[in-house]
Amino acid sequence: MTDLGKSLRMRRLSAVGDGRYLFVPLDHSVSDGPVVPQARWNGLLSALVDGGADAVVVHKGRARAIAPGILRHCALVVHLSAGTVYQADADAKVLVGEVEEAVRLGADAVSVHVNLGSDTEHRQLTDLGTVAASCDTWNMPLLAMIYPRGPRIADPHDPALLAHAVNIAADLGADLVKTSVALPLDRMAEVVDSCPLPVLAAGGPPDGTDLIGHGTSLMLAGCRGLAVGRRIFSSPSPASLVKRLAAVVHAVDGIDTGTAPHPPTIATGAA
C-alpha cells in the first residue's frame with residue numbers, strides 16, 4: 001500500500017510530475033558563509049521560483065525566515081546535516097535537525113549528507129539510517145547527498161565508486177540520491193543503471209565551463225535531475241540560468257515542459 005503523504009510530497013518535488021528534478025541547494029550558508037546579502041535573499045528565492053526550480057534546499061532556521069507565498073511553485077527541502085570549513089575534519093557532518101521539525105515547517109523532503117571515506121563515515125551512515133527511519137514514521141521523502149570524499153578516496157569521479165555510493169543511499173532507505181559526477185560524463189550511465197533510486201548529479205562542470213552542456217550530457221546519461229547551487233546563486237541572472245536548466249531537466253523530445261507550475265507546498269514557512 002502506498003503512503004499517500006509521501007506520494008504527495010514526492011509529486012511536489014517534480015515540477016510537472018515527470019519524475020525529474022532541478023534542485024537548488026542553498027545550505028552553503030552554514031558550511032561556507034552567507035549565500036547572498038540578506039537584502040537580496042527574498043529576491044534570490046523569487047528568481048529561483050520564477051525560473052522554474054523544482055525545489056530549494058535550506059537549513060531549518062533559514063526555512064522559517066522565508067516569506068509566505070514565495071515558494072508558491074517550488075518545493076522545500078530542509079537539510080539536516082551541517083559542518084563548517086573551520087572544523088579540524090572538513091569532511092565531518094553532524095545532524096542539526098530532526099524530521100519532525102521539517103514536518104512543522106511544511107517541508108516536502110529532508111536531506112542528509114554523507115562523505116564516504118571520511119574519518120567520520122560511520123557516524124554519518126548511522127545518521128542517515130536514523131533519519132530514514134524517522135522519515136518512514138512521518139511519510140517524508142529523504143534525499144541522501146552522498147559523495148566519495150575523504151582521505152581514503154583516490155578518485156572521487158570513479159564510476160564504480162559512485163555506483164557504490166548511490167546504492168548505499170538506496171540500501172539505507174533514501175528516496176532520492178544526489179552525488180558527484182563520473183568522468184567522463186557518459187560513464188554516469190553506469191552509476192544510474194546500478195541504482196533503483198532517482199540519481200541527481202551535483203554541481204557544475206569541474207572546470208567551470210558550459211553548465212548547460214554539462215547538464216544536458218548528464219540527463220542524456222540517464223540522471224533524473226540536477227542539483228546546482230553555487231553556479232546559480234552567484235550568477236548575475238539566476239532566473240535566466242534556472243530557466244535554461246529547467247528546460248534541460250524537463251525536456252521531452254526536445255520540448256521544454258519545465259516551467260509549468262506544480263501544486264504548492266504544504267506550507268512555506270513563516271516570515
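This text follows the structure it describes.
In what follows, the accompanying structure is described. (Residues numbered from 1 in each chain as written. Predicted model: local features only at pLDDT ≥ 70, side-chain atom pairs only at ≥ 80, totals over all residues. Heavy atoms only, no water.)

## Remarks on the overall build of the protein
To keep things clear, this is the line we draw: For the purposes of this entry, the term helix denotes a DSSP run of H or I that reaches at least four residues, the term strand denotes a run of E that reaches at least two, and both are numbered from the N terminus. Three labels apply to residues, based on accessible area from a 1.4 Å probe with only protein chains included: buried if under 20% of the type maximum, exposed if over 50%, partly exposed otherwise in between. Contact between two residues is taken to exist if any of their heavy atoms lie within 4.5 Å; hydrogens are not considered. Where accessible areas are quoted, they stem from the Shrake-Rupley method and a 1.4 Å probe; at the residue level, only the protein chains shown are allowed to cover. The charge count includes Lys and Arg as positive and Asp and Glu as negative, but it does not include His or the ends of the chains. The atoms used to mark charge sites are NZ of Lys, CZ of Arg, CG of Asp and CD of Glu.
When helices and strands are tallied, the protein shows eleven helices and ten strands. The burial tally for the protein puts 53% of its 271 residues in the buried class. A sequence separation of at least 24 residues applies to 70% of the contacts in the protein between residues at least 6 apart. Working note: accessible area of the protein is about 11,300 Å², and carbon and sulfur atoms make up 55% of it. Counting 22 positive and 27 negative side-chain charges, the protein places the centres of these two groups 7 Å from one another.

## Topic: the side chain of Asn167
How we decide: For the purposes of these results, a polar contact is taken to be a pair of N or O atoms within 3.5 Å, where, inside protein, one atom must be able to donate a hydrogen and its partner to accept one; residues adjacent in sequence count only when each atom of the pair is a side-chain atom.
Relative to the helices and strands, Asn167 is located in helix α7 (residues 159-171). Within the structure, the side chain of Asn167 is placed 2.8 Å from the backbone oxygen of Ala163, a separation counted as a polar contact. Beyond its immediate stretch of four places on either side in the chain, Asn167 contacts Ser194, Cys195 and Pro196.

## Some details on the sheet that holds strand β10 (residues 225-227)
The criterion, for reference: At least two DSSP bridges between two strands are needed for those strands to be called paired. The axes used here are C-alpha line fits, helices contributing only the stretch in contact, and every angle between their N-to-C directions lies in the interval 0 to 180 degrees.
Judged by pairing direction, the barrel is parallel, and its eight strands sit side by side in the order β1-β2-β3-β6-β7-β8-β9-β10 before closing back on the first. The mean inter-strand angle of the sheet, taken between neighbouring strand axes irrespective of direction, is 25°. The pairing of strand β3 (residues 75-79) with strand β6 (residues 109-116) spans three bridges and is parallel. Looking at β6, one finds that Val78 is bridged to Val110. Set on the sheet, α7 makes contact with β6, β7 (142-148), β8 (176-179) and β9 (199-202); between it and β7 the angle comes to about 155°.

## Some remarks on α7
Formally: Expected span of a helix: the number of residues minus one, times 1.5 Å.
With 13 residues, α7 should reach 18 Å at 1.5 Å per residue; the first-to-last C-alpha distance of 18 Å fits that figure. Listed as buried for α7 are Pro159, Leu162, Ala163, Ala165, Val166, Asn167, Ile168 and Ala169. At the exit of α7 stands Gly173, carrying a positive phi of roughly 105°.

## A few points about the packing of helix α9 (residues 211-220) against helix α11 (residues 238-250)
Worth spelling out the cut-off: Geometric relationships in this document are graded by angle, where less than 35 degrees denotes roughly parallel, more than 145 denotes roughly antiparallel, 65 to 115 denotes roughly perpendicular, and other angles denote oblique. Two helices crossing with the near one rotated counterclockwise from the far one by less than a right angle form a left-handed crossing, whereas a clockwise rotation gives a right-handed crossing.
Interaxial distance between α9 and α11 falls to 9 Å at its minimum, and their mutual angle equals 20°. Taken together, the axes of α9 and α11 lie roughly parallel to each other. In the crossing of α9 with α11, the sense of the turn from one axis to the other is right-handed. Residues Leu211, Ile212, Gly215, Thr216 and Met219 of α9 form the contact with α11, whose participating residues are Leu241, Arg244, Leu245, Val248 and Val249.

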